[in-house]
Structures are given as C-alpha cells and as structure tokens.
Amino acid sequence: MASDVPAASLLGRRAEVIADESRRGRAMCAALAAATDDWLAALLQEATGGDTSGLALVATGGYGRYELAPGSDLDVWLLHAGRPGVTQLAERLWYPVWDAGIKLGHAVRTHKEALGLIAADLDTATAALSARHIAGDPAVSSRLAEEALERWLRRAGRWLDELRRRVAVRHATAGEVAFLLEPDIKEGRGGLRDIHALRWAEYAGPVLLAGDAAALTGAEDVLLDVRVALHRVAARASDVLLLERQDEVAKLLGGGDADALMARVSTAARTVAWVSDEAWRRVETGNKRRSRVFRRDQVLSPDVVLRNGEVHIDDGVDPAGDPSLVLRVAAAAAGADAPIDRQSLDRLADRAPELTGPWPAGARDALVALLGAGRAAIPVLEALDQRRLVERVLPEWAPVRSRPQRNALHRFTVDRHLFEAAANAAGFTNTVPRPDLLLVGAWLHDLGKGYPGDHTDAGVALMERIAPRMGFDEADVAVLVTLVRSHLLLPDTATRRDLADDDVINDVASVVGSIPTLEVLAALTEADALATGPSAWNAWKAELVGQLVDRVAHVLRGGEVAEVTAPHGFPDRAVLALMAQGRTVVRAEPPLLTVVAADRPGLFGRVAGTLALHGVTVHAADAHSEGDVAASRFRVEAQDRDVAWEKVAADVRRAVEGRLAIDARLAQRSRTYRRTPAAMRLVGEPSVRVDNHASASCTVVEVRAPDRLGVLYRITRALADLDLDIRIAKISTLGHEVVDVFYVQTATGGKLVDRDHVKELERAILHQLSL
C-alpha cells in the first residue's frame, strides 16, 4: 500500500511503466494496473483522510483483469454503505484522474444499487465478474464479488443466450481479425473480446474443452502484445491495427516484419475464433439436448460415425494405421455439415501419419468429397488447421498457413483464400466434365504464394510433384498444371486485351488446348475471383470472360475466329449514322454512354474527366474517327444509384465543346475526395508498360497506378499530349489499384515504334500521375 506516498508522485510511475518498452503485453498490463492501484489507493487515502470504513474502491473490466493497456480507460466503482458526503468524496477521487488526461469509467453505488444493476444489465454483470479490490474496506469488495457471482449463476441461462447473441452481432459489425487488412484486435471475430466472453460464460459452467483454456491464453498473449505495442505507437487508445502502423508495431515487438506480425495475429485470431465458435455451438446444442431424443449412431464411413451431432472415430481405431482417415473423417463431417468431435480430432493430431508418398486408395476420393461439400467444408478445414492436420495431408501446405496478403484486393490469408476458392468451385461442379480437377485445382492454384519467386512458377512446380502423388495420371496432371499456370489467363485477357483481335483468341486457345480444360478453367476463374474480394468479380468482368470463353471454345471446336461475332462491333450502324450528321451527340443509356463530336486532341480525356466528377466509373471504351468526326462508346457504372444521367450527359457535352473547367473542378473535388494513404502505399509506384506485339495494328499501353479521382483523365491527357489516338480502352480497378490498358495509334494511324517516342510517353504518363 502506498498510503504514505503522495498521489502525485505515484502518477509518475504509470508513465514510467508505459515508457519501459522492455515490458510487453501481459507483463506490461499487469505492471500498469499495479502502478495505477497504488496511485488510486493514495488518492482515496488523501480524499478520506484515512477513514475508509464501509467504503471500497474496485477495479472492473480490463483494469480488474490486470489487462490495462497504455491507452485503456480506468473502469472503477466506489462502493459505500450510505456514507454522507460520498459525492464530494468521489469528486476528489475522479478529478485528479481527469486532470491527468486519463479516460475514466466511474460509478458510485451502494451495495444494493450495484446488485440491482448486476441483476438487470449484462454489461454491469460481466464487469462485476472481474471486480477487484483496490483500496478501502476489503469486506465491502468481497461481499459484492460473492453476491455478484451468485446473481450471475442464478441468471446463467439468460445471460449466456444474450452473450451468444451479442457475440454474433459484434462479429457481423467488426469483421474478422484473422483476415481483415486493418483488423480490430479487440472487438473483431477472433479478438480479445471473444476471449472475455468465453471466460464470462465459464463462470456459469464449463463451456471449454481440454486444451482450450491454454490455447486461448497463448492467443491472448499475442493479441495483448500487439495491443500494447499499438497503443504505444499511436500514443493513444487504438485497437484497429491500421496499415500505416503495422511496420512500427512489428519493429517494436521484434520477430520479423509486418507480414510476420500479421501472420502471428491471424494465427492467434483463428484459434480464438475456432474455440469460440465451438464453445458457443456447444452452448446452443446443450440447450437443445435437454428436450431432444437422440438417434443411434449413424455410420458415415468405415470407423466413422455421427453421434449426437458430431463426427466420431470408433474407439478401437488407431489413426496411425490408416493414412486416409484424416480425409475420410473430414469428408464425413463436411458431408454431414457437422463438427468433428474434439477427442477424435485430438486422436488424429496425436497419431495420424503424414502423407508424403503415394496416396492410399480412397484418399483422393475423400479429398474430392471434402472439397465438394462447398461451404460446409470450410469449418472442417479450419478445425484440421487448428491441429496442423492439413499439413499431414499436404506437407507443402505449411508455408501458406496464415500467410497474409496485405493488399486491398484480397480479403483472406493465402490458405483461407484457397479454402474459399475450393468452396466456391463446388458450386460449379455440375458445369464441368471433371469436377475433381476443378476442386483440386481451385484448392491448390495459389499454393506457390508460400514459396520464393513468381507464385505461378512455384505453383506449377508444386502441382507437378503433388498431383502424381495423389494418384492423378499424366493427362490429368497436365490439366492441373495448366490450371495453375493459367489461372489468371482468362480474366487478364478479357479485361486487358481486344477480344475482337483474332490473334488474342488464337493465343488463348493454344494455351488452353481443349474444350474440357477451358470449361474447368472458366469455372476456376470465377471461383477464384469470388474468393478474392468484392472488386475482383462483377457483371462486367463476367460478361467479358464469357465472351472470351465463347470465342476460344469456337476455335477449339475447329472453327475460325472470324466466324464468331466480335464482342464490341463498334461503330455500329446507329453510331455511323450519328457521325454522318456531323454534330455533337451525347447519349447516356447506362451502362453505355455514346459521344459523337468534332475530332480534337484530348476528346477521350474530357469525357473521362467529366465522368469522374460525377462519380461514374469507366470500365471500357471504344473509339473511332472518320474525317473530322470522332465517336466513342464508354461502358460505365455509377457509384451512386441516384446519379442524374441527364446532368452527366449535359456536362459531357459542355466538356467536349470546351465549356467545362475540368482541371479546376477535379482539383476542387479532390480536396474532399478521400482515399486512405495506407491503401495507396499498398499499390506502390505507378508503372507503364508499352507492348508492340500484343496487337497487329495498335500499340498497347498498360498503366498501373493507385486509384484516385481523375486518374483515367490524367492518363488520357498524357496520351493526347503526344498526339496519340485511343482506339480501345480496358479499365479495371482492383482494390485500390487501377490497371488501365489502351490500344493507341499515332496521328498517321501506325504503331508507336520510335524508342524516344516511347520514353516520352512513359515520362508523360508518370508525370500526370504525380500531380
């Protein structure tokens, strides 16, 4: 007790603890809580003159649990037995805390008032579970703690149902710690609050199984380390691990870079989420069991049964003697949409052998059945991952386990992305001739991301080794290798190349080789994109890929490319008729915007800039000119459903006629246009690639850059400055990166072949993007 030391001097000890970076995580939290205890105890001593009879100062919440991070609030209760002047006494306690700039959650209550709230309010009830005596009369604190627990037990059923409901709502709101680019390590799914909720539930009776408490403590250690470091880096309370702070937090903690940090966070959060999901499922099913009559065991596979809603291994089976058992149990669980019994899972973890050689009979069929279960397979695969059993099945899996993809395009770690891709692929198995190749290809297409070098090259080498081990024959191995090597072929070609170019179609056909492979690759393309993130697949991309697949399929069936109608067919008769009129025409018929006007430098850019002002995204464009008249057709999408297209068309007309100050308006809007700097840093520096071989008649210019207001306008301004005509444009936004491709010609209708001219083009584009 520090009652003989002035409170003001004890406050300095808090600052010393926070500044001491040798103390991390849990140790730092405990030290800070102890220093705070001494300070508050001294404040109470000074406020009461030493007379604390019938009075107690109690820590609750994280402070009560000794989990006080540098920026944490102080949650304290002042308990009393009707003491006169307690309000003034409390103010003498609280004001020094406020003066110190520390957030304070405080309450002054009698024993009866506190119990009344504990009985009626879940937040108060859980706070009381962590109540800890700081100073004053210990009997007051201990009496409240005992009776608070009694009230909790009396209302356990009600509180557990409410806790479970709140956990679900919080998960839906805060997202997943394991997978978000910028996770909330406290409130997100798999975060610290999930651990707190499970410990509160444990007061009502056991909800955790053997080993769960230790697993939660280990994960909590990681998350507390990160939270404390984050508070130190931010110099304030902050539980969202923002991208711009991840490098600093990683440096403060040591043990690798930001990627390594996020891998540790992901691993810890997945453990918490898995234990949490399992525990709350048991709470829910436990309630149902009281009124349920159970059926006899249902045999799902040899030595595998469904019992009381869980998949069990027969007691007499030794997993060491059956190399296919892990996959058979997992397939049975996914097929029954049921979890694997924990004891059975632990037996597999203890005894299952590693599949390093040729797979035994039935193992590949079990894998295909597991993956073919779709979304029901994901929780089963996550359960296997918690016991490192995925690596027993596939030793090459280890490098991608919890491997982060720190970019705005991908929403999952590499391993979870592969789980999700396979689950999506299960929805397309009835559209392909070889569902097994689709499922295995989807599961392994990005496995190379865990290995050095180009991930596609690494993935090909891995597939060439893994597929024969699984028992696929030479022809099937060749298809699987093609799926890995070409898993980005269709979307990249569809969104960046002219689909009316016969050479483009023939090139894709030569790579794919056959109709069955094309059908599987098309299904994999969509499954992969859907597993990547919301910006990776949309109706426009689906349409383009579909057009490409149709044209390639025609060639693979023995037809000529010319026999298939070209996708865009621009200009059509209607546009040619408008051009013949020789006047400005702007028609907004979403998703198409058609512009006919006098041909002049920068016409394309003026339209693009005007559309940017209205929040309209350009996905693609075609251009054509005859004499002094030019026509363009833009495929567009409005960010705001209520966009006034009449106003858009009117402003486009003003722009092409030189009556709209596009630069000034863009500059004005840029001041209120928000993009997170962190997301920009993920993309890296802009780049320009010029290709004179991708088209017979045009130079193809590909530009990658961070997405920002007016980026398309700036690129096209650079093209106009060098007197280049845009014939086709393919515009893609992938997360926070744009990948814009332009088919251009010189003023004389030729390619851009002069090296100096090419260098000037690159210089002009990069300059515009730097503004």
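For the structure itself, look to the data block above.
Owing to the predicted nature of the structure, the values given are computational and were not obtained by experimental measurement.

A. Structural view of the overall build of the protein. Helix and strand counts for the protein stand at 32 helices and 15 strands. Carbon together with sulfur atoms contributes 50% to the accessible area of the protein, which is approximately 32,500 Å² in total. Here the protein contributes 94 positively and 107 negatively charged side chains, and the mean placements of these two sets differ by 4 Å.

B. Quick peek at the sheet that holds strand 1 (residues 55-59). Reading across the sheet, the four strands line up as 3-2-1-4 and stay open at both edges, with mixed pairing between neighbours. Unpaired on one side and paired on the other, strand 3 (104-110) and strand 4 (132-136) mark the two borders of the sheet. Neighbouring strand axes in the sheet, compared pairwise and without regard to direction, differ in orientation by 25° on average. Against the sheet, helix 2 (residues 25-48) engages strand 1, strand 2 (74-80) and strand 4, with an angle of about 35° to strand 4.

C. Focus on the nonpolar core. Residues Leu 78, Trp 397, Trp 443, Leu 444 and Met 470 are the most contacted members of the largest nonpolar core, which totals 190 residues. Core analysis: the next-biggest nonpolar cluster, separate from the first, contains 43 residues, Val 616, Ala 630, Val 636 and Ile 715 among them.

D. Inspection of the sheet that holds strand 5 (residues 298-301) at higher detail. Sheet architecture is open: three strands sit in the order 5-6-7, paired in antiparallel fashion. Sheet topology places strand 5 and strand 7 (310-313) at the edges, where each strand pairs with a single neighbour. The average undirected angle you get between the axes of adjacent strands in this sheet is 40°. Of the pairings in the sheet, the one linking strand 5 to strand 6 (residues 304-307) comprises three bridges and is antiparallel in character. Bridge pairing links Ser 301 to Val 304 in strand 6. Lying on the sheet, helix 13 (residues 325-336) is in contact with strand 5, strand 6 and strand 7; it crosses strand 7 at an angle near 160°.

E. The arrangement of the environment of Val 140 in detail. With respect to the secondary-structure elements, Val 140 resides in helix 7 (residues 138-154). The spacing of Val 140 and Leu 55 is 85 residues in sequence and 6.8 Å in space, taken between C-alpha atoms. Val 140 has contacts with Gly 54, Leu 55, Ala 56 and Leu 79, leaving out every residue within four places of it along the chain.

F. A nonpolar patch on the surface, seen in detail. A cluster of nonpolar residues, Leu 149, Leu 153 and Tyr 203, forms a patch on the protein surface that exposes about 250 Å² of accessible area. Within the fold, Leu 149 resides in helix 7. Under the relative-accessibility criterion, Leu 149 is labelled partly exposed at 32%.

G. Structural context of the pairing of strand 7. Here strand 7 shows no split at all, with Glu 310 and His 312 on one side and Val 311 and Ile 313 on the other all buried. The hairpin turn running from strand 6 into strand 7, its antiparallel successor, is two residues long, and Asn 308 in that turn takes a positive phi close to 50°.

H. Summary view of the packing of helix 13 against helix 16 (residues 377-386). Between helix 13 and helix 16, whose axes approach to 8 Å, the crossing angle comes to 145°. Every pair of crossing elements has a handedness; the one defined by helix 13 and helix 16 is right-handed. Contacts from Val 326, Ala 330, Ala 333 and Ala 334 of helix 13 reach helix 16 at Ala 377, Val 380 and Leu 384. By residue class, the composition of the contact of helix 13 with helix 16 is seven nonpolar, no polar and no charged.

I. Inspection of the environment of Glu 560 at higher detail. Checked against the element boundaries, Glu 560 lands in the loop between helix 25 (539-556) and helix 26 (573-581). The exposure class of Glu 560 is exposed, given its relative accessible area of 52%. Between the alpha carbons of Glu 560 and Asn 506 there is a distance of 9.2 Å; along the sequence they are 54 residues apart.

J. Looking closely at the packing of helix 18 (residues 414-426) against helix 19 (residues 435-444). Between helix 18 and helix 19, the shortest axis-to-axis distance is 7 Å and the interhelical angle comes to 160°. Relative to helix 19, helix 18 is oriented roughly antiparallel. For the element pair helix 18 and helix 19, the recorded crossing hand is right-handed. For the pair helix 18 and helix 19, contact is made by Leu 418, Phe 419, Ala 421, Ala 422, Ala 425 and Ala 426 and by Leu 438, Leu 439, Ala 442, Trp 443 and Leu 444, respectively. Residues belonging to the contact of helix 18 with helix 19 are distributed by class as follows: eleven nonpolar, no polar and no charged.

K. Fine view of the environment of Gly 750. Following the sequence through the fold, Gly 750 ends up in the loop between strand 15 (737-745) and helix 32 (755-770). For the pair formed by Gly 750 and Ser 697, sequence separation is 53 residues and the distance between their alpha carbons is 6.9 Å.

L. Here's a closer look at a negative patch on the surface. Side chains of Glu 244, Asp 247, Glu 248 and Asp 257 sit close together on the surface and give a patch of like negative charge. Tracing the sequence through the fold places Glu 248 in helix 11 (residues 243-253).

M. View of the pattern of salt bridges. In total, this model carries 56 salt bridges according to the counting rule given. In this structure, Arg 193 and Glu 187 form a salt bridge, with 3.5 Å as the shortest nitrogen-oxygen distance. Across the pair Asp 259 and Arg 406 runs a salt bridge whose closest N-O atoms are separated by 3.5 Å. Within this pair, whereas Asp 259 is found in helix 12 (residues 258-289), its partner Arg 406 is found in the loop between helix 17 (389-393) and helix 18, the two being separated by 147 residues in sequence. Residue Arg 406 is classed as partly exposed on the basis of its relative accessible area, which comes to 23%. One salt-bridge network, in which partners are shared between bridges, spans Asp 212, Glu 278, Arg 281, Arg 282, Glu 310 and Arg 342.

N. Highlighting helix 11. Among the residues making up helix 11, those that are buried are Leu 243, Arg 245, Gln 246, Val 249, Ala 250 and Leu 253. Within helix 11, the buried residues cover an arc of 145° as seen down the axis, which keeps them to one side. At the C-terminal side of helix 11, Gly 254 shows a positive phi close to 75°.

O. Looking closely at the side chain of Thr 493. With respect to the helices and strands, Thr 493 occurs in helix 22 (residues 489-496). Residue Thr 493 is classed as buried on the basis of its relative accessible area, which comes to 9%. Apart from residues lying up to four places away in sequence, Thr 493 is in contact with Leu 499, Val 504, Val 508 and Leu 548.

P. Fine view of helix 24 (residues 515-532). The end-to-end C-alpha distance of helix 24 is 26 Å, a good match for the 26 Å that 18 residues give at a rise of 1.5 Å each. With 13 of 18 residues buried, helix 24 is to be regarded as a mostly interior element.

Basis of the calculations
- Residue positions are given per chain, counted from 1 along the sequence in the order it is written.
- In keeping with the predicted nature of the model, local features appear solely for residues at pLDDT of at least 70, side-chain atom pairs appear and are counted solely at 80 or more, and the whole-chain, interface and lining totals rest on all residues.
- Excluded from the side-chain calculation are hydrogens and water; included are all heavy atoms of the structure.
- Strands are runs of DSSP state E lasting at least 2 residues, helices are runs of H or I lasting at least 4, and numbering of each runs from the N terminus.
- Computed with a 1.4 Å probe, the accessible areas rest on the Shrake-Rupley method; for each residue, only the protein chains presented here act as cover.
- As used throughout, the charge tally considers Lys and Arg to be positive and Asp and Glu to be negative, leaving His and the chain termini uncounted.
- Charged side chains are reduced to one point each, which is NZ for Lys, CZ for Arg, CG for Asp and CD for Glu.
- For two strands to pair, DSSP has to find at least two bridges joining them.
- Every axis corresponds to a line fitted to the C-alpha atoms, with the helix fit spanning only the stretch in contact, and the corresponding angles, defined between N-to-C directions, vary from 0 to 180 degrees.
- Whether two residues are in contact is decided by their heavy atoms, any of which lying within 4.5 Å being enough.
- Nonpolar cores are built from buried Ala, Val, Leu, Ile, Met, Phe, Trp, Tyr and Cys residues. Side-chain atoms within 4.5 Å join them into one set.
- Residue burial is assigned from relative accessible area. The probe radius is 1.4 Å, only protein chains are included, and a residue is buried under 20% of its type maximum, exposed over 50%, and partly exposed in between.
- For patch detection, residues must exceed 30% relative accessible area and be free of salt bridges, and they are connected within 9 Å for like charges or within 5 Å for nonpolar side chains (Val, Leu, Ile, Met, Phe, Trp, Tyr).
- Here, a salt bridge means any Lys or Arg side-chain nitrogen found within 4 Å of an Asp or Glu carboxyl oxygen.
- Each crossing gets its handedness from the near helix: less than a right angle anticlockwise from the far helix is left-handed, clockwise is right-handed.
- Side-chain classes follow a simple rule in which Ala, Val, Leu, Ile, Met, Phe, Trp, Tyr, Cys and Pro form the nonpolar group, Asp, Glu, Lys and Arg form the charged group, and the remainder, Gly included, forms the polar group.
- Roughly parallel means an angle under 35 degrees; roughly antiparallel means over 145; roughly perpendicular covers 65 to 115; every other angle is labelled oblique.
- Of all possible arcs, the one meant is that of the directions from the helix axis to the C-beta atoms.
- Multiplying 1.5 Å by the residue count of a helix minus one yields the expected span of that helix.

What is shown is where atoms sit, not what they do.
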